[in-house]
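The residues making up each chain are set out below.
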Amino acid sequence: MSIVTVQLGQCGNQIGFEVFDALYSDSHCPQGLCSKRENEVYQASCKERFFSEEENGVPIARAVLVDMEPKVINQTLSKAAQSGRWKYGQHSCFCQKQGSGNNWAYGYSVHGPRHEESIMNLIQNEVEKCDCLSGFFIIMSMAGGTGSGLGAFITQNLQDHYSNSLKMNQIIWPYGTGEVIVQNYNSILTLSHLYRSSDALLVHENDAVHKICAKLMNIKQISFSDINQVLAHQLGSVFQPTYSMEGSYHYRRNPLGGFKDPALYTSWLAPVNAFNVWKTQRAFSKYEKSAALVSNSQFLLKPLDTIVGKAWNMFASKAYIHQYTKFGIEEEDFLDSFTLLEQVVASYCNL
Amino acid sequence: MTQSVVVQVGQCGNQIGCCFWDLALREHAAVNQKGIYDEAISSFFRNVDTRVVGDGGNISKGKICSLKARAVLIDMEEGVVNEILQGPLRDVFDSKQLITDISGSGNNWAVGHKVFGRLYQEQILEKLRKSAEHCDCLQCFFIIHSMGGGTGSGLGTFLLKVLEDEFPEVYRFVTSVYPSGEDDVITSPYNSILAMKELNEHADCVLPIDNQSLFDIISKIDLMVNSGKLGTTIKPKSLVTSSAGALKKQHQKPFDAMNNIVANLLLNLTSSARFEGSLNMDLNEISMNLVPFPQLHYLVSSLTPLYTLADVNIPTRRLDQMFSDAFSKDHQLIRADPKHSLYLACALMVRGNVQVSDLRRNIERLKPSLQFISWNQEGWKTSLCSVPPVGHSHSLLALANNTCVKPTFMELRERFMRLYKKKAHLHHYLQIEGMEESCFMEAVSSLSALIEEYNQLDATRSMPVEDLPRLSVAV
């Protein structure tokens, strides 16, 4: 079961590199704390999921790198090649000369249609290399122009062309106090479009990961590299294959029987079904014991509400709107996005 | 990677331009140790095989043979351009990319704009098209000029319309030197106001510069250098004003030092587009983030640090000091105090060994003392470029879209009205074909409309910041 990763924009590509690196390091970790045979199966499964084989033994990441300007992709490719352990495919990148200018409309309406064919061809190539495609993992940020706008466009395309495969989008929620001034506009446009075409949105907030680096890891001068590595570590532990002693990809029901507090569950789900545990013998990345939690809960309500509120205030003053209408995203499109997101907020509130 | 073309117009424009090319060469020489022509250099320079005669000599990869600036030099007097062509940078300029005349514009905007504009329109178009052809992907024109004279002001702004018509997709970033109060050109208010109308209508982004502010900055540096207060010596080449590598005890002509500041501004503005970093910022992002409404495209800039001390340690405190300085009125390149006015948007472009946590810490620290407009409370755009400027370990360029530009414009209008009421020197303009009194009136209205926009924004400062009612939806 293979996963094809699509890395979009500076953020997507920088994180994508760290994810593949973490996955590779983990699968080649000497101390698996399990039997040799288990380790071998684990490694083989991980390799099949994320890497394809090259003639001289260096695994190639099952990834397509997309960016509208060349600097980051060049850096990412050379970092991977330099490590000597794994690399990206030579023909797996799509690059242009001029970026998206932090403009969602430019990424979605200009770059999208213009480069649709080339990018989808690259993805098709990767898919054909897989024996069995389990789905797509799309890494993008919401604040910029390429990851957000082009990312939304590509996800929609994937929905149209590969409707039977799973699409999971890793989205990066920007820092609350600006990285990009129009980040709120870009975010609401991205979210509203992804809601219609993605199967799952895995969210990481820059603020939250930053806090982890500061408080839990005590890093003094935190760089984006640090942040991306923490992120990659989390993703890695979620994505690595789970394997049980029964010899197949089984998941076991939670032996603890779930949490006792009914407030944690929605009314339409029995506690025993709400909480699923996958247990795997093989340790992750040299940790003797580790646990990763992926949840669908109301945690995103506050950040979502905040972003929608700020975007709404800015929209009311019509600031920056001319930059979007220039490329075909009209006020109507904004209103549609707002409406959809308000519905999402209301739905989560009503739980 | 994209390319940019610099169009330097008039005496001021060409002198600043010359400093810019000198610094750009030195910056790339410091970064590019192997002498390979890479995409970073190609943003401002062509690589030419000098053995080839005519146009075919462009080399796109491999070793650097001969670098030619992507520049067009325009002046209606020969003195300045000739000096450049005889100076140490003569080989950097393509002799075919010049337009000169002999008589000059007589400090008359109308002569520059109407007379020379008409006369040289074809030639200008031809040179611009040629420079665009040499580019793989042209993203931006940088126009450098002064507002107070005749050529830079008149012909420089005539160019803007030409660029807009001929290359509508390419950004027009204008660095404009505004006349200070004690300017010795009597007609500078006329020239400036007439030029302002063009900037309002045809520029994507304007970086106003004030000679007085530049002068104050270099005086401050001189004071610090000579007072002995610093104890240890200043690192050579680290002065934002230094040009020829060595630290000169006796100042070069003061304009040299002042022009170097502006040259540094342009280098820092484009650094994140040329060099790598963990958070890149391209030129199209500047316009996207800092121009909320098309008319409000005037950005106040400040550069820090102005010099680096020789000791290598950079304690966090000094890094934080750099951020604080960027907001002090002494470091702004025009006479303005952004801290006490209203911010519409602010960009922080950092170079060197600075990480995202340093940025965040300083934004949190400085935010309470700054006032942002209600709909853009977190109006920060940030970028991190790993390559520091020559002689520094890190630097910061702050660009602010702030109502503090208003006093500059109001003063300009004041000076204009004083002259215009007496009809002083008006005949020099009106005798030019195409010039009428209505031109002046339109120019003043254009400026007044701009000032009024800033007034309206300022008026919102006293209003309480309230969240607007949101859409209510049925679930």
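Cut-offs used in this document
Residues numbered from 1 in each chain as written. Chains lettered and ligands numbered in written order. Predicted model: local features only at pLDDT ≥ 70, side-chain atom pairs only at ≥ 80, totals over all residues. Heavy atoms only, no water. Helix = DSSP H or I, 4+ residues; strand = E, 2+ residues; numbered from the N terminus. Buried < 20%, exposed > 50% of the residue type's maximum accessible area, 1.4 Å probe, protein only. Contact = heavy atoms within 4.5 Å. Areas by Shrake-Rupley, 256 points an atom, 1.4 Å probe, with all protein chains shown as cover. Pairing = 2+ DSSP bridges. pLDDT = per-residue confidence, 0-100. Phe/Tyr/Trp six-rings, centres within 6.5 Å; stacked < 30°, edge-to-face > 60°. Lys NZ or Arg CZ within 6 Å of the ring centre and 35° of its normal. Axes fitted to C-alpha atoms, helices over the stretch in contact; angles between N-to-C directions. Parallel < 35°, antiparallel > 145°, perpendicular 65-115°, else oblique. Nonpolar A, V, L, I, M, F, W, Y, C, P; charged D, E, K, R; others polar.

(A) Here's a closer look at the overall build of chain A. In terms of regular secondary structure, chain A is built from 12 helices and 11 strands. Out of the 351 residues in chain A, the part that is buried amounts to 54%. For chain A, the proportion of contacts with a sequence separation of at least 24, taken over those separated by at least 6, is 78%. With an accessible surface of roughly 15700 Å², chain A has 52% of that area assigned to carbon and sulfur atoms.

(B) Structural context of the sheet that holds strand β3 (residues 60-61) of chain A. Residues and elements named next belong to chain A. An order of β2-β3-β5 is seen for the three strands of this open sheet, with the pairing classed as mixed. Lying at the two open borders of the sheet, with one neighbouring strand each, are β2 (51-52) and β5 (87-88). Pairing analysis gives two bridges linking β2 to β3, with the strands arranged antiparallel. By the bridge assignment for β3, Phe51 is matched with Ala61.

(C) Local environment of the confidence of the model for chain A. This prediction gives chain A a mean pLDDT of 83; 83% of its residues lie at or above 70. Throughout residues 244-260 of chain A the model reports pLDDT below 50, and contacts reaching past four residues in sequence, or to other chains, amount to 22 contacts.

(D) Summary view of the packing of aromatic side chains. Under the criterion given, the structure shown has 46 aromatic pairs over all chains. Judged by centre distance (6.0 Å) and plane angle (80°), the rings of Tyr24 of chain A and Phe51 of chain A are edge-to-face. Of this pair, Tyr24 of chain A sits in helix α1 (residues 9-27) while Phe51 of chain A sits in strand β2, and the two are 27 residues apart along the sequence. When sorted by exposure, Tyr24 of chain A lands in the same class as Phe51 of chain A, which is buried. On the numbers, 5.4 Å between centres and 75° between planes, the contact of Tyr190 of chain B with Phe440 of chain B is edge-to-face. Of this pair, Tyr190 of chain B sits in helix α6 (residues 188-202) while Phe440 of chain B is found in helix α14 (residues 437-459), placing the two residues 250 residues apart along the sequence. Neither Tyr190 of chain B nor Phe440 of chain B differs from the other in exposure class; each is buried. Members of the aromatic cluster, each reached through a chain of ring pairs, are Phe20, Trp21, Phe44, Phe45, Phe93, Phe142, Tyr171 and Phe173 of chain B. Positioned over the ring face of Phe315 of chain A is Lys318 of chain A, at 4.8 Å from the centre of the ring. Its guanidinium or amino end placed over the ring of Tyr420 of chain B, Lys423 of chain B lies 4.8 Å from that ring's centre, counting from NZ or CZ.

(E) View of the sheet that holds strand β1 (residues 2-8) of chain A. Residue and element names in this part refer to chain A. The six strands are arranged β6-β4-β1-β7-β8-β9 in an open sheet whose pairing can be described as parallel. Two strands lie at the open edges of the sheet, namely β6 (93-95) and β9 (200-205), each paired on one side alone. Taken pair by pair, the neighbouring strands of this sheet meet at an average axis angle of 15°, ignoring direction. This element, helix α5 (residues 146-161), spans β1, β4 (63-67), β7 (133-141) and β8 (166-173) of the sheet and lies at about 160° to β7.

(F) A look at the packing of helix α7 (residues 206-216) of chain A against helix α8 (residues 224-239) of chain A. All names here are of chain A. It is the contact of α7 with α8, at a shortest axis distance of 9 Å, that shows an interaxial angle of 100°. By the angle between their directions, the pair α7 and α8 is classed as roughly perpendicular. Between α7, through Asn206, Val209, His210, Ile212 and Cys213, and α8, the contact on the second element is made entirely by Phe224, Asp226, Ile227, Val230 and Gln234. Of the residues that constitute the contact of α7 with α8, the class distribution is six nonpolar, three polar and one charged.

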